[in-house]
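Residues per chain are reported as follows:
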Amino acid sequence: MKIKKSRFYCEMSLSRMNKDMKQKCLKIVSSFIKDPLFELFVNRVKESEIPEYYDIIKEPMWLKEIQGKLQNQKYSKFSEFVYDMNLIWKNAVLFNGEESEVAQLALFMEYRFNLKLKNLAMSSQEKYLSTLTRLAEKINRYSQYLQNELDHVPTNNISNRD
């Protein structure tokens, strides 16, 4: 199940990871870490328990690693964060097979992640629109002020000098 990504989401993914965005991403990751449903994806897969995992998975990723990267400012772009989150379910499907319960759980996690991204994009878009609205109101007030000033400028009859 895929959620269509908006143009604004695509613009977000190109943006730099600022402090506000980092906090929002940490909140998303923390919500997954706290959810017992996604317990399998919280910590690194132990090689001692599943030795063949690292023969198949060349780019392992887990939620605590993403949380640490966010806390230590390792992401310079929002898209890097999204890439790492996507690795979690990509790896789960690759290792366990698309029909496995683990893969289905990972795909459900992807669905929930995409919903959170959609909400994040909408809240960022609303913030942007709110800023534009405030600027438009300021411009309108300033235009009214200037018009008022112009209306009160004394008009002198200027005579032509020969």
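Anyway, here's the lowdown on the structure attached to this text. This structure is a prediction, so every number in the text was calculated from the model and none was measured.

Overview of helix α5 (residues 78-96)
Taking 1.5 Å as the rise per residue, α5 with 19 residues should run 27 Å; its terminal C-alpha atoms sit 28 Å apart, in good agreement. Taken residue by residue, α5 has F78, F81, V82, D84, M85, L87, I88, W89, N91 and A92 as its buried positions. Remark: G97 follows α5 within two positions and exhibits a positive phi of approximately 90°.

Considering the layout of surface pockets
Its volume calculated, the largest pocket comes out at about 350 Å³. Counting only elements with at least two residues in the lining of the largest pocket, the list comes to α3 (53-56) and α5. By residue number, the principal contributor to the lining of the largest pocket is α5, which donates five residues. Grouping the amino acids of the lining of the largest pocket by side-chain chemistry returns 13 nonpolar, three polar and four charged.

Describing the pattern of salt bridges
Inspection of every chain in the model, using the stated rule, returns four salt bridges. For D35, the salt bridge is made with R112, and the minimal N-O distance between the two is 3.1 Å. One end of the pair, D35, is in the loop between α2 (19-34) and α3; the other, R112, is in helix α6 (residues 101-151), and 77 residues separate them in sequence. Here D35 falls in the buried class, since its relative accessible area comes to 16%. The salt bridge partner of K69 is D84, with a shortest N-O separation of 2.8 Å. Separated by 15 residues along the polypeptide, K69 in helix α4 (residues 63-71) and D84 in helix α5 bring together distant segments of the chain. The buried category is assigned to D84, whose relative accessible area is 5%.

Examining unusual backbone geometry
Of note in the backbone geometry, Q73 takes a positive phi value of approximately 50° without being a glycine. Summarising the element assignment, Q73 is placed in the loop between α4 and α5. Assessed through its relative accessible area of 56%, Q73 is described here as exposed.

What counts and how
- Residues numbered from 1 in each chain as written.
- Predicted model: local features only at pLDDT ≥ 70, side-chain atom pairs only at ≥ 80, totals over all residues.
- Heavy atoms only, no water.
- Helix = DSSP H or I, 4+ residues; strand = E, 2+ residues; numbered from the N terminus.
- Expected span 1.5 Å × (residues − 1).
- Buried < 20%, exposed > 50% of the residue type's maximum accessible area, 1.4 Å probe, protein only.
- 1 Å grid on protein atoms, 1.4 Å probe; cavity = no way out; pocket = protein on both sides within 12 Å on 5 of 7 lines; lining within 4 Å.
- Points joined across faces, edges and corners; volume = space filled by probe spheres on them.
- Nonpolar A, V, L, I, M, F, W, Y, C, P; charged D, E, K, R; others polar.
- Salt bridge = Lys/Arg side-chain N within 4 Å of Asp/Glu carboxyl O.

Everything listed here is a matter of geometry and, on its own, says nothing about what the molecule does.
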